[in-house]
Amino acid sequence: MSDEAAATAPAAPAAPEAPVAEPLPHGLGVSLTPAEARAKTEGTFPYAADLWAEGLLWAAVLRSPHAHARILSIDTSHAREMPGVRAVITHEDVPGASLPGHRAADRPVFASDVVRHHGEAIAAVAADHPDTARMAAAAVIVEYEVLEPVTDPEQSFAAEPLHPDGNLIRHIPLSHGDQDVTGEIVVEGQYRIGRQDPAPIGAEAGLAVPRPDGGVELYVASTDPHGDRDLAAARYGLEPDRVKIVVTGVPGATADREDQSFQLPLGLLALRTGCPVKLTATREESFLGHTHRHPTLLRYRHHADADGKLVKVEAQILLDAGAYADTSSEALAAAVSFACGPYVVPHAFIEGWAVRTNNPPSGHVRGEGALQVCAAYEAQMDKLAKKLGVDPAELRLRNVMATGDVLPTGQTVTCPAPVAELLAAVRDFPLPALPKDAPEDEWLLPGGPEGAGEPSAVRRGVGYGLGMVHMLGAEGTDEVSTATVKVHDGVATVICAAVETGQGFTTLARQIVQETLGIDEVHVAPVDTDQPPAGPGCRGRHTWVSGGAVERAAKMVRTQLLQPLAHKFGMSTELLQIADGKITSYDGVLSTTVTEAMDGKELWATAQCRPHPTEPLDADGQGDAFVGLAFCAIRAVVDVDIELGSVRVVELAVAQDVGRILNPAQVAARIEAGVTQGVGAALTENLRTPRGLLRHPDFTGYTLPTSLDAPDIRIVKLVEERDVVAPFGAKAVSAAPVVASPAAVASAVRAATGRPVNRLPIRPQAAVAATPPTD
């Protein structure tokens, strides 16, 4: 082309300007995606079962086939002689003692003279191949004298001591008000709650690596790393600083992860062999090794006046702790304290016991203690409503507690308690439509498309459950957490030993720093015991205590960042704000970015959060034992085939007080997961232990709800009334729906069938109507 032609040619169209990327939403109140979501979705997230080390040995544990037996002899010679076996250890190889005051102090690493439950560890083997380790463990010869097991907790009181500490773990006689008061209307009931397993989907596994200083590192999915470290050090006969717990990816936890029967033998084998040792438990070993929800027997008597106002509640609560104490004392305190539910009860007399048996050990499972009593007191409220001829929701509304009311423990409820608002929300939510009488909708009926029942035998029921739980520890537990926030080159790092168990702490920590410092890129460091302790991951404590520590540390860094600017411009730091990575003054004179203000410096701060102290319950069960409370109301709609007893949960409407919504997506997910776990406790999950022996310890014999079993879950209301003593004003959200949903399902089945339904999970014969349907 000539120069002239080029001069007259039309100009090429200008390249379109690249769209300006909108900043990604961040900070509190936003549904921030978890940092590990992609790795978990793609299958690249490192769990404990994925770990590897050079020179790795494999471990296997020999477990007792008996629920109760005297050990006469243990012969490990055949196992030791097998090719590839590097070590065989028993109780004789445990150098340390139990840790005084630790919740698991009464449980040995290996049984020595007596076996107290089915599956108790007897010996452990390390070998160069997992099959060799399992064969060697099977080759250990144990001679037993089988003893009669004590499996009925009521018989435990008179039975011979099963443990050096006796059979009674704790007795709480709660006395509140006038014992001689009676009501015009009295209803009574006896209730049984089954043994629910936490059923962790991910394999329980761990890796122990010996250290040059004679110590050991344990790579496990611990939910309480410092507590596990202290116990391990005591059992190994080492100082705590020579044992390190490194938390690997936790595949969710609704209870304690990686029971000590997995952790402790690993470290002993690594110390004995001088090699890394790994153990991955089978599903059967998981059922045998970890703790379960406390089976509970409850007897209740409710007194009310002619208008249905509660006058007095009398109850007896018996928790089956299994062979060892674990968290049974804490579970009993919750059960006794919340035995009347979120209702105003002027006079209450509750007696609770936790006892040892030869059943599998019970321990921390989400909502422990509170779930069992909720099923019982809500059944009593249904009985009372039926006897008075009052709508069950109306009767509950006449009795619900509010802020300022007093618990049976004498503690005043100072936190928000919008129970009436929650109940009214689920009561008034529109009911689901009835299933159509058409072949394509047969799967909506109980039993599914191939069910043997007839549609004419299906009855619909509506029921209610009001649950309450405590947050943090109780009865004087020192709840403290420490966190460090560091900022360098526009990137923030949070160091805190709070374990991410699926509750969303790592996401919350990122949001807190984003909100406080305006920095979008925030990393949460992996957890190990070289960091200051943050306590166990349960009861929403990390949202409160660890989140509070992160917030305080971030605010200290914020002050360090803003003080030089405030001094330069002659103003207070309170007149400066940080948003979207920019620092601006109230009058607009100052405007700069966080990166410019940092000027290459590294800022950091460490802070602690410790809630106000609590106190143990006294001899009458009185005391300010709890830091905070959370409440939930659920309305269940069920369809029941009253001839076959099959139950389908159609819908669960949920209303909950959450204090403040910090991450909407996570709040919804936690509530839905909690409700589904409660449905399992209501209908299918029951770990059967005839004569103390676990029957079918697998997911064939132990039935978890699947996606086809999960009902429609409608979150109809989340009350955001901030708790002024909690950081951010937020409350725990996952435990309360676990507590309330089984009671609501049972209430709905009662409404559909007219049967009392006094046992969970609900057996088919309990859901068959007393009067058969007429054609």
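This structure is a prediction, so every number in the text was calculated from the model and none was measured.

Engineer: Run through the overall build of the protein, naming residues and quoting values.
Structural biologist: On a plain count of helices and strands, the protein comes out with 17 helices and 27 strands. What you see for the protein is a C-alpha radius of gyration of 29 Å, in line with the 28 Å of a compact globule of 775 residues. Principal-axis analysis of the C-alpha atoms gives the protein an extent of 100 × 75 × 65 Å. In the protein, which comprises 775 residues, the proportion classed as buried is 58%. Counting only contacts in the protein whose residues sit at least 6 apart along the sequence, the fraction spanning at least 24 positions is 80%. Accessible area for the protein stands at about 31,300 Å²; split by element, carbon and sulfur atoms hold 52% of it. Here the protein carries 64 positive and 98 negative side-chain charges, and the mean point of each set is 3 Å from the other.

Engineer: So what's going on with the packing of helix H13 (residues 505-517) against helix H14 (residues 541-569)? Which residues, and what values?
Structural biologist: Orientation of H13 relative to H14, taken along the N-to-C sense of each, is 30°, at an axis distance of 9 Å. Put simply, H13 runs roughly parallel to H14. As H13 runs across H14, the sense of the crossing is right-handed. Two secondary-structure elements touch here, H13 through Phe505, Leu508, Ala509, Ile512, Val513, Thr516 and Leu517 and H14 through His542, Thr543, Ser546, Gly547, Val550, Glu551, Ala554, Lys555, Val557 and Arg558. Classifying every residue of the contact of H13 with H14 gives nine nonpolar, five polar and three charged.

Engineer: Just give me the short version of a negative patch on the surface, but keep the residues and values in it.
Structural biologist: On the surface, a cluster of negative charge is contributed by Glu615, Asp618, Asp620 and Asp624. Along the chain, Glu615 turns up in the loop between strand S23 (603-609) and strand S24 (626-641).

Engineer: Mind laying out the sheet that holds strand S4 (residues 114-115), listing which residues take part and the relevant values?
Structural biologist: With respect to topology, three strands assemble into an open sheet ordered S4-S2-S6, the strand pairing being antiparallel. Looking at strand neighbours, the two that pair on one side only are S4 and strand S6 (141-146), the edges of this open sheet.

Engineer: Quick rundown of the pattern of salt bridges? Include the residues and the values.
Structural biologist: Under the definition given, this model contains 31 salt bridges. Through salt bridges with shared partners, a single ionic network connects Glu378, Asp382, Arg396 and Arg750.

Engineer: Give me the lowdown on the pairing of strand S9 (residues 205-210), citing residues and values where you can.
Structural biologist: The pairing of S9 with strand S12 (residues 277-280) spans four bridges and is antiparallel. Bridge pairing in S12 places Leu207 opposite Lys278. The pairing of S9 with strand S10 (residues 216-220) spans five bridges and is classified as antiparallel. Across the sheet, the residue bridging to Pro210 is Val216, located in S10. The loop that links S9 with its antiparallel partner S10 comprises five residues; one of these, Gly214, has a positive phi angle of about 90°.

Engineer: So what about the packing of helix H16 (residues 664-683) against helix H17 (residues 735-753)? Which residues, and what values?
Structural biologist: It is at 7 Å that the axes of H16 and H17 come closest, and there the two elements cross at 45°. With respect to H17, the element H16 is oriented oblique. In this structure, H16 meets H17 at a crossing whose hand is right-handed. Mapping the contact onto sequence places Ile671, Gly674, Val675, Gln677, Gly678, Val679, Ala681, Ala682 and Leu683 in H16 and Pro737, Val738, Ser741, Pro742 and Val745 in H17. In terms of residue class, the contact of H16 with H17 is built from ten nonpolar, four polar and no charged.

Engineer: I'd love a proper account of unusual backbone geometry, names of residues and values included.
Structural biologist: Between Leu760 and Pro761 the backbone carries a cis peptide bond, its omega angle lying at 0°. Along the chain, Pro761 turns up in the segment after strand S27 (759-760). Look at His696: it is not a glycine, yet its phi comes out positive at around 55°. With respect to the helices and strands, the residue His696 is situated in the loop between H16 and strand S26 (712-719). One non-glycine residue, Val757, adopts positive backbone phi at about 50°. With respect to the helices and strands, the residue Val757 is situated in the loop between H17 and S27.

Engineer: Hey, could you go over the side chain of His303 for me, with residue numbers and the actual values?
Structural biologist: Tracing the backbone through its elements, the reader meets His303 in strand S13 (residues 296-304). Since its relative accessible area comes to 5%, His303 is described here as buried. Of the polar contacts made by the side chain of His303, one reaches the backbone nitrogen of Gly183; its length is 3.2 Å. At 2.9 Å, the side chain of His303 forms a polar contact with the side chain of Glu314.

Engineer: For the packing of aromatic side chains, give the residues involved together with the corresponding values.
Structural biologist: Within this structure, the stated rule accounts for seven aromatic pairs. Ring centres 5.8 Å apart and planes at 80° place the aromatic pair Phe287 and Phe699 in the edge-to-face group. Placement of the pair is Phe287 in helix H8 (residues 283-289) and Phe699 in the loop between H16 and S26, with a sequence separation of 412 residues. On the accessibility criterion, Phe699 (33% relative accessible area) is partly exposed.

Engineer: Which residues make up the environment of Asn358, and what are the values?
Structural biologist: Mapping Asn358 onto the fold places it in the loop between strand S15 (347-356) and helix H10 (370-388). For the pair Asn358 and Val115, spaced 243 residues apart in sequence, the C-alpha to C-alpha distance is 8.9 Å. Setting aside residues no more than four positions away along its own chain, Asn358 makes contact with Ala67, His68, Arg116, His117, Glu148, Pro149, Val150, Leu162 and Gly692. There is a polar contact of 3.3 Å between the side chain of Asn358 and the side chain of His68.

Engineer: Any chance you could break down H13 for me, citing the residues and the numbers?
Structural biologist: The end-to-end C-alpha distance of H13 is 18 Å, a good match for the 18 Å that 13 residues give at a rise of 1.5 Å each. The buried fraction of H13 is high, at twelve of 13 residues. Among the residues making up H13, those that are buried are Phe505, Thr506, Thr507, Leu508, Ala509, Arg510, Gln511, Ile512, Val513, Gln514, Thr516 and Leu517. Count one or two residues on from H13 and you reach Gly518, which has phi positive near 70°.

Engineer: If you had to explain the nonpolar core to someone new, which residues and values would you point to?
Structural biologist: If you look at the biggest cluster of nonpolar residues, it comprises 157 residues, and the most contacted ones within it are Tyr300, Ile317 and Val485. If you tally residues by element for this core, the top one is H17, at twelve residues. If we skip the residues at most four places from it in the chain, Val485 touches Thr493, Val494, Val513, Leu517, Val550, Ala553, Ala554, Val557, Leu603, Trp604 and Ala605.

Engineer: Provide a residue-level description of H16, including the pertinent values.
Structural biologist: With 20 residues, H16 extends 29 Å between its outermost C-alpha atoms, agreeing within 8% with the 28 Å of an ideal straight helix rising 1.5 Å per residue. Listed in full, the buried residues belonging to H16 are Gln666, Val667, Arg670, Ile671, Gly674, Val675, Gln677, Gly678, Val679, Gly680, Ala681 and Ala682. Looking at the buried positions of H16, the neighbouring elements they touch are H13, S24, strand S25 (647-657), S26, H17 and S27.

Engineer: So what's going on with the side chain of Ser741? Which residues, and what values?
Structural biologist: Tracing the backbone through its elements, the reader meets Ser741 in helix H17. On the basis of relative accessible area, Ser741 is assigned to the buried category, the value being 0%. Polar side-chain contacts of Ser741 include one of 3.4 Å to the backbone oxygen of Val675. Dropping the residues within four chain positions of it, Ser741 is found in contact with Ile634, Leu652, Gly674, Val675, Gly678 and Val679.

Criteria and thresholds
Residues numbered from 1 in each chain as written. Predicted model: local features only at pLDDT ≥ 70, side-chain atom pairs only at ≥ 80, totals over all residues. Heavy atoms only, no water. Helix = DSSP H or I, 4+ residues; strand = E, 2+ residues; numbered from the N terminus. Rg over C-alpha atoms; globule rule 2.2 N^0.38 Å. Buried < 20%, exposed > 50% of the residue type's maximum accessible area, 1.4 Å probe, protein only. Contact = heavy atoms within 4.5 Å. Areas by Shrake-Rupley, 256 points an atom, 1.4 Å probe, with all protein chains shown as cover. Lys, Arg positive; Asp, Glu negative; His and termini not counted. Charge placed at Lys NZ, Arg CZ, Asp CG, Glu CD. Axes fitted to C-alpha atoms, helices over the stretch in contact; angles between N-to-C directions. Parallel < 35°, antiparallel > 145°, perpendicular 65-115°, else oblique. Left-handed = near helix turned anticlockwise from the far one by under 90°. Nonpolar A, V, L, I, M, F, W, Y, C, P; charged D, E, K, R; others polar. Patch = residues over 30% accessible without salt bridge, like charges linked within 9 Å, V, L, I, M, F, W, Y side chains within 5 Å. Salt bridge = Lys/Arg side-chain N within 4 Å of Asp/Glu carboxyl O. Pairing = 2+ DSSP bridges. Polar contact = N/O pair within 3.5 Å; in protein donor to acceptor, adjacent residues only side chain to side chain. Phe/Tyr/Trp six-rings, centres within 6.5 Å; stacked < 30°, edge-to-face > 60°. Expected span 1.5 Å × (residues − 1). Core = buried A, V, L, I, M, F, W, Y, C linked by side-chain atoms within 4.5 Å.

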